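Given next are the chains, with one letter for each unit.
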Amino acid sequence: MAMAPPATSPDVTPFTFLDVTLYTLTVWATFMVLSSAYGCIRYPDTFRDTGALPLLGATVVAYAVIALALTWLGAPFAWLLGWALRSVRRCWVHVVAFGLLGFVAGAMVAFALAIVGWSSFAEPIRLLALFFAAVCGGCTAFARWVAFRLRSRREAVSEPTGVSVGGVASS
């Protein structure tokens, strides 16, 4: 009597390096757009011609580099979370889980900065840290949704040709 092959879960392809890269860059770009908009609204006089524009440019570039470095430091955690959720097919579960991951990461960074350099401004910094964490959570949730959309588009394009996203012919 031959045994039937075990029932397998639906075929869920884990995110590739390209998917993680697109996700990470989307998190960073979304964060930079939102934080730049906040800077323009909160400090509108900064952009007047005061002779300090080179300093402003250097600050923005430094801020962008630091934000990108922190985003890439979080990428392995995002990959691990994606791997843990690999059998979950509902997009909203991933989006919520990644939003929570971003919130926790943002809160850790903000509170670490508050402890290191801003301890004399304890109460406003806590509020700012929670706002920062919420923005980070929103950026990661949005980026996960974007990554899902981009991947589904790539897979839809590859279906008619019989070639998967990884370049291997399907049977």
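Let us look at the structure shown here. Quick caveat, the model's predicted, so the values are computed rather than measured.

The rules behind these values
- Residues numbered from 1 in each chain as written.
- Predicted model: local features only at pLDDT ≥ 70, side-chain atom pairs only at ≥ 80, totals over all residues.
- Heavy atoms only, no water.
- Helix = DSSP H or I, 4+ residues; strand = E, 2+ residues; numbered from the N terminus.
- Polar contact = N/O pair within 3.5 Å; in protein donor to acceptor, adjacent residues only side chain to side chain.
- Disulfide = S-S within 2.5 Å.
- Buried < 20%, exposed > 50% of the residue type's maximum accessible area, 1.4 Å probe, protein only.
- Patch = residues over 30% accessible without salt bridge, like charges linked within 9 Å, V, L, I, M, F, W, Y side chains within 5 Å.
- Areas by Shrake-Rupley, 256 points an atom, 1.4 Å probe, with all protein chains shown as cover.
- Salt bridge = Lys/Arg side-chain N within 4 Å of Asp/Glu carboxyl O.

1. Concerning the side chain of Thr 30
Thinking step 1. You can see Thr 30 is positioned in helix α1 (residues 17-42).
Thinking step 2. A polar contact is formed between the side chain of Thr 30 and the backbone oxygen of Thr 26, at a distance of 2.7 Å.

2. Quick notes on the state of the cysteines
Thinking step 1. A complete count under the given rule lists 0 disulfides for this structure.
Thinking step 2. The thiol sulfur of Cys 136 is not disulfide-bonded, and the nearest other cysteine sulfur, from Cys 139, lies at 6.4 Å.
Thinking step 3. Taking the relative accessible area as the measure of exposure, Cys 136 reaches 13% and is therefore buried.

3. Some details on a nonpolar patch on the surface
Thinking step 1. A contiguous nonpolar surface patch, about 460 Å² in accessible area, is contributed by Phe 103, Val 104, Met 108, Phe 111 and Leu 130.
Thinking step 2. Ranked by the residues each element gives to the nonpolar patch, the list is headed by helix α3 (residues 91-117), at 4 residues.
Thinking step 3. By secondary structure assignment, the location of Leu 130 is in helix α4 (residues 122-158).
Thinking step 4. The class for Leu 130 is partly exposed, based on a relative accessible area of 44%.

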